[in-house]
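What follows is the residue order along each chain.
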Amino acid sequence: ARYDIDALKRRLNGIRTEDNPALVKQKSRDFFWYSPKLKRQLDHVVADIIVSPVSEAQVLETLSAAHALAIPVTPRGTGTGNYGQAMPLSGGIVLDLSGFNKVTSIEAGRYVAEPGAVLARIDQETRAHSRQEIRLHPSTYHTASVGGFIAGGSGGVGSIKWGGLRDWGNIISLRVATMEGTPRILELQGEDLHKVAHAYGTNGIITQVEMPLGPAYGWVDVILGFGELRAAAEFANALGEQDGLALKNLAVVAAPAPHDYFLRHKKFLPRESHCVMIMVADFAVESMLAFARRFGGSQVLMRSDKLTAEEAKGLPPTFELGWNHTTLRALRVDPSITYLQVLYPFPNQVDLVDKIHARFGDEVTCHLEFVRFDGKITCFGLPLVRFTSEERLEEIMTIHEEMGAPIFNPHRYTLEEGGMKQTDEVQLAFKREADPQGLLNPGKMIAWEDPNYDYRSGKTFLFKALGEAG
Ligand code: FAD
């Protein structure tokens, strides 16, 4: 055996552990299989044991025992990540935080929760408490944990208004446990939050989150159809700039994907329609539709506030047609589909979308998510790619970058190659401080594993390096 798991169990008296191989295998996986490349590379990965602490004290006890026995620890919220982030490359412990999940306080504008709390449940509690809602969530709202979102996610529903997790103010404070003989709790705020956000749990275990809340609205789903993709993208971009219209999500998916892949919505979506999917506050629906009428060719295909009970039955919210749910729905119909993550930088985003899609034809189907980054509306893409070979996939990414659209590669499991998070000397120094033995989620941070790795590339990163984060 690689590690002394029996000794670990003896030390973890009173903390739930699981070593049934089928259950261990299940909790050693996430949604890595969206990528044909990661599927090939990571399919065999499995932990030795699952440890499920339900309090900060139990997390500290587990880390201390693991440190003493030199057993790696890979944290896991609910395992909905897409890049194998929560997969234990070196085996050892998967630290299952899903049972450490209470919302501990709700105040005006903020809440405090344990890391395993599922986003939908937090939202339900804050709405019931004081008509407040979480500002930002991934489309995996119903299943993802808040700790996993902060450590593994980037943004999603709400990003049209609030930006992403990379943006100031979207996380208020975190408590983080270090991996040492006697683990410490660090309380992080401001600049220091960037050390842990989207770091895949490589430099500490989040044991408490404090996050912002906004006023809770009733959200209406509206899908508009356009005859031309360009018109749909131009409209969506202009709509995003209408600050008076409260929006929570704004996406464009090119024909024929909506009709072909959104099976429950199919009856509303003509095959030739390019769709703009909008989550808009109930009080703003009429104004939004009036604004849309100024853009030629828009046609209302569905609005959830006008559906009969019969029509609404079984219909998922539109945010579950967006973000990586678009990919999921496409994959279920056509297993040869995979995807990319693309940034179309402000201010030429609409032209760039047009040029890139003209170049690829139906090998790459356009899917845009509009976001407000640093006060500017632009779009992020999760285009659907007809997969033929890993070589061709690389080529498609290179062409995007050459045309001016940076790729955040979802076919890589390391932080640096995934391209959202840059490592630098500040990040490395924090890793040395919080995890001197390199036992947290090993194999995910190249700059740590390979001292010769040059992290100073000219690449665009979504989360800025800390040295330049000011
Ligand atoms: P996990 O997958 O369990 O973990 C994610 C990472 O965080 C791992 O590296 C893990 O080691 C680490 N981690 C977990 N908990 C902790 C902790 N307490 N302390 C330290 N590290 C920790 N992501 C988005 O950002 N936006 C989207 O819109 C979005 N849409 C998605 C749609 C689909 C269909 C799918 C399958 C995925 C999508 N994702 C999206 C990715 C993922 O669902 C989210 O990022 C989600 O928030 C991850 O939460 P989780 O609890 O599942 O985390």
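Residues numbered from 1 in each chain as written. Predicted model: local features only at pLDDT ≥ 70, side-chain atom pairs only at ≥ 80, totals over all residues. Heavy atoms only, no water.

Enquirer: In this structure, what is going on with helix 13 (residues 323–333)? I would like to understand it.
Expert: Residue pairs spaced three or four apart in an α-helix point in one direction, given the helix's 3.6 residues per turn. Most of helix 13 is tucked away, with nine of its eleven residues classed as buried. Of all the positions in helix 13, only Trp323, Asn324, His325, Thr326, Thr327, Leu328, Arg329, Ala330 and Leu331 are classed as buried. Elements in contact with the buried residues of helix 13: strand 12 (247–253), helix 10 (257–261), strand 15 (337–339), strand 18 (367–373), strand 19 (376–381) and strand 20 (384–386). (Buried < 20%, exposed > 50% of the residue type's maximum accessible area, 1.4 Å probe, protein only. Helix = DSSP H or I, 4+ residues; strand = E, 2+ residues; numbered from the N terminus. Contact = heavy atoms within 4.5 Å.)

Enquirer: Is there a simple way to think about the site of the ligand in this case?
Expert: The immediate surroundings of the ligand are formed by 37 residues, with Pro75, Gly77, Thr80, Ser145 and Gly155 found nearest. Between the ligand and Pro75 there is a distance of 2.6 Å, counted from an oxygen atom to a backbone nitrogen or oxygen. Measuring from an oxygen atom of the ligand, one finds a backbone N or O atom of Gly81 at 2.9 Å. Listed by contribution, the elements that provide at least two residues to the shell around the ligand are strand 3 (73–76), helix 6 (146–152), strand 10 (205–215) and helix 13. Sort the elements by how many residues they give to the shell around the ligand and helix 6 lands first, with five residues. In terms of residue class, the shell around the ligand is made up of 14 nonpolar, 22 polar and one charged. Of the domains in this structure, domain 1 (5–96) and domain 2 (219–402) are the two that each give at least three residues to the shell around the ligand. (Near = heavy atom within 4 Å. Polar contact = N/O pair within 3.5 Å; in protein donor to acceptor, adjacent residues only side chain to side chain. Nonpolar A, V, L, I, M, F, W, Y, C, P; charged D, E, K, R; others polar. Domains from an automatic or database assignment.)

Enquirer: Would you explain the pairing of strand 19 in this entry?
Expert: Each regular strand carries side chains that alternate between the two faces of the sheet. Within strand 19, five of the six residues are buried, leaving the element largely enclosed by the surrounding structure. As paired elements, strand 16 (residues 342–344) and strand 19 share three bridges and run antiparallel to each other. Within the sheet, the bridge partner assigned to Tyr344 lies in strand 19 and is Cys379. Inspection of the sheet shows strand 18 paired to strand 19 by six bridges, in the antiparallel sense. In the sheet register, Val371 faces strand 19, and the bridge partner there is Thr378. Hairpin connection from strand 18 to strand 19: two residues lie between these consecutive antiparallel strands, with Asp374 at a positive phi of about 50 degrees. (Pairing = 2+ DSSP bridges.)

Enquirer: Would you mind going over the domain arrangement of the chain with me for this structure?
Expert: Reports often express the size of an interface as the amount of accessible area lost when the parts come together. Splitting the chain by domain gives domain 1 (5–96) and domain 2 (219–402). Placing the centre of domain 1 and that of domain 2 at their C-alpha centroids yields a distance of 36 Å. On the domain 2 side, the residues contacting the eight residues of domain 1 number nine residues. The interface formed by domain 1 and domain 2 includes two salt bridges. The salt bridge involving Glu390 is made with Arg40; its shortest N-O contact spans 2.8 Å. Our count for the domain 1 to domain 2 interface comes out at four residue pairs in polar contact (both at pLDDT 80 or more). Within the side of domain 1 that touches domain 2, the residues separate by chemical class into four nonpolar, two polar and two charged. (Salt bridge = Lys/Arg side-chain N within 4 Å of Asp/Glu carboxyl O.)

Enquirer: Just to check I follow, could you spell out the packing of helix 14 (residues 349–360) against helix 15 (residues 390–402) for this structure?
Expert: In a pair of packed helices, the angle between the axes and the distance between the axes together describe the arrangement. Close contact between helix 14 and helix 15 brings their axes to 11 Å; oriented N to C, the two are set at 150 degrees. Crossing hand, helix 14 versus helix 15: right-handed. In this structure, helix 14 uses Ile356, Arg359 and Phe360 to contact helix 15, whose residues at the interface are Arg392, Ile396, Ile399 and His400. Of the residues that constitute the contact of helix 14 with helix 15, the class distribution is four nonpolar, one polar and two charged. (Axes fitted to C-alpha atoms, helices over the stretch in contact; angles between N-to-C directions. Left-handed = near helix turned anticlockwise from the far one by under 90°.)

Enquirer: Explain helix 9 (residues 229–240) to me, please; I cannot follow it from the model alone.
Expert: Look at helix 9: 17 Å from first C-alpha to last across twelve residues, which is about the 16 Å you get at 1.5 Å a residue. The element helix 9 is largely enclosed, with a buried count of nine among its twelve residues. When we look at burial in helix 9, the residues that qualify are Leu229, Ala232, Ala233, Phe235, Ala236, Asn237, Ala238, Leu239 and Gly240. (Expected span 1.5 Å × (residues − 1).)

Enquirer: What am I meant to see in unusual backbone geometry here?
Expert: Trans peptide bonds make up most of the peptide bonds, and negative phi angles are found at most residues other than glycine. Omega for the peptide link from Ala255 to Pro256 comes to 0 degrees, which places this bond in the cis form. Note on placement: Pro256 falls in the loop between strand 12 and helix 10. The residue after Phe346, namely Pro347, is reached through a cis peptide bond having omega 5 degrees. Within the secondary structure, Pro347 sits in the loop between strand 16 and helix 14. Positive phi, close to 55 degrees, is recorded for Ala70, a residue that is not glycine.

Enquirer: What is the right way to read the sheet that holds strand 17 (residues 364–365) from this model?
Expert: Hydrogen bonds along the backbone pair up the strands of a sheet, which may run parallel or antiparallel. The sheet built from three strands is open, its strands ordered 15-20-17 with antiparallel pairing. Looking along the sheet, the strands with just one partner apiece sit at the ends: strand 15 and strand 17. Pairing of strand 15 with strand 20, which is carried by three bridges, proceeds in the antiparallel orientation. Across the sheet, Thr338 pairs through a bridge with Val385, a residue of strand 20. Strands in contact with helix 13 are strand 15 and strand 20; relative to strand 15, the strand with the most contacts, it is inclined by about 165 degrees.

Enquirer: Looking at this structure, I do not really get the pattern of salt bridges. What am I missing?
Expert: Pairing of side chains with opposite charge becomes possible as their charged atoms draw close. Evaluation of the coordinates by the stated rule reveals 31 salt bridges. Taking the shortest distance from any N to any O, the salt bridge between Lys27 and Asp96 comes out at 3.2 Å. Pair noted here: Lys27 is in the loop between helix 2 (21–26) and helix 3 (36–42) and Asp96 is in strand 4 (residues 93–96), with a separation of 69 residues, a long-range link. Residue classification places Asp96 among the buried residues on the basis of a relative accessible area of 3%.

Enquirer: Any chance you could explain the sheet that holds strand 3 here in plain terms?
Expert: An order of 1-2-4-3 is seen for the four strands of this open sheet, with the pairing classed as mixed. Every interior strand has two partners, whereas the edge strands, strand 1 (16–18) and strand 3, have only one. Along the sheet, successive strands turn relative to each other by an average axial angle of 25 degrees, direction set aside. Across three bridges, strand 1 lies against strand 2 (residues 49–52) in antiparallel orientation. Opposite Thr17, over in strand 2, you have Val51 as the bridge partner.

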